[in-house]
Amino acid sequence: MILEIRKAGPADVGGILEVTHDAFTAYAKELGMPDKVMALKEDGQTILQEMKKKTVLVGCINGRIVGTVRFETIPGNIAYMTRFGVHGSIRKSGMGTMLIDEVAAYARQEGLTAIALHTCTKMFPLVRFYYGQGFYIHSTTQDRGYVRGLFLRELTEQTHETMDLTFVSKL
């Protein structure tokens, strides 16, 4: 078995769509609000546009895309993650950890202070996963009709008390 994490390109759009649809269909089912899950409204053009402004990574097993994550540097010197997902057929295989480790390595190399993301705090397996990856819930909001947590993973000695989280709190 050959495992690989790499930067995505235009040829990967179909695989990214497949993983995103699979992962976020499960998320929407658990949430009980499929209309609130914007990832399910994406198409190939959306992903190509995202590739122009964000880093998009894919995780592959034997060349097949089975995981994906997008991230960008936002004000406050933070890497903000979106559309993190692993295909249901290989969840709990370590692919999600590998993707997050790659985001963390990039963020450290760029001198960023933290990784941030939002997710529903009601999704206990997902929340446990993020805690296992070194994230914690900084704050919550109900701006999308459900409780979304702002999860942070500090990468330096700087803590959330001294970080500028103004921008990320508005996402």
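Refer to the structure printed above.
Engineer: Sorry, what's going on with the overall build of the protein chain here?
Structural biologist: Secondary structure summary: the protein chain contains five helices and seven strands in total. Shown N-terminal to C-terminal, the secondary structure of the protein chain runs as helices and strands in the order β-α-α-β-β-β-α-β-α-β-β-α. Taking 2.2 N^0.38 as the reference for a compact globule, 171 residues should give roughly 16 Å; the C-alpha atoms of the protein chain span a radius of gyration of 15 Å, in line with that estimate. Residue burial in the protein chain is summarised as follows: out of 171 residues, 47% are buried. For the protein chain, the proportion of contacts with a sequence separation of at least 24, taken over those separated by at least 6, is 63%. When the accessible area of the protein chain is evaluated, it comes to approximately 8,700 Å², of which 53% is carbon and sulfur surface.

Engineer: What is the right way to look at the pattern of salt bridges in this model?
Structural biologist: Should their charged atoms come close, side chains of opposite charge can pair. Applying the stated criterion across every chain yields a total of 11 salt bridges. Close ionic contact of Glu18 with Arg64 constitutes a salt bridge, the shortest N to O distance being 3.5 Å. Of this pair, Glu18 sits in helix α1 (residues 13-31) while Arg64 sits in strand β3 (residues 64-74), and the two are 46 residues apart along the sequence. A salt bridge links Arg70 to Glu50; its shortest N-O distance comes to 3.3 Å. Residue Arg70 is located in strand β3, and its partner Glu50 is located in helix α2 (residues 44-53); the two are separated by 20 residues in the primary sequence. Within the structure, one salt-bridge network assembled from shared partners comprises Glu42, Glu50, Lys53, Lys54, Arg70, Glu72 and Arg83.

Engineer: Sorry, what's going on with the layout of surface pockets here?
Structural biologist: Rolled over the atoms, a probe as big as a water molecule pinpoints where empty space is left. Approximately 1,200 Å³ is the volume found for the largest pocket. Along the walls of the largest pocket sit 41 residues, with Tyr27, Phe84, Thr119, Leu126 and Tyr130 positioned nearest its centre. At the level of elements, α1, β4 (78-86), α3 (95-109), β5 (114-120) and α4 (124-132) are the ones that each hand at least two residues to the lining of the largest pocket. Considering each element in turn, the lining of the largest pocket owes the most residues, seven residues, to β4. The residue inventory of the lining of the largest pocket, partitioned by class, reads 22 nonpolar, eight polar and 11 charged.

Criteria and cut-off values
Residues numbered from 1 in each chain as written. Predicted model: local features only at pLDDT ≥ 70, side-chain atom pairs only at ≥ 80, totals over all residues. Heavy atoms only, no water. Helix = DSSP H or I, 4+ residues; strand = E, 2+ residues; numbered from the N terminus. Rg over C-alpha atoms; globule rule 2.2 N^0.38 Å. Buried < 20%, exposed > 50% of the residue type's maximum accessible area, 1.4 Å probe, protein only. Contact = heavy atoms within 4.5 Å. Areas by Shrake-Rupley, 256 points an atom, 1.4 Å probe, with all protein chains shown as cover. Salt bridge = Lys/Arg side-chain N within 4 Å of Asp/Glu carboxyl O. 1 Å grid on protein atoms, 1.4 Å probe; cavity = no way out; pocket = protein on both sides within 12 Å on 5 of 7 lines; lining within 4 Å. Points joined across faces, edges and corners; volume = space filled by probe spheres on them. Nonpolar A, V, L, I, M, F, W, Y, C, P; charged D, E, K, R; others polar.

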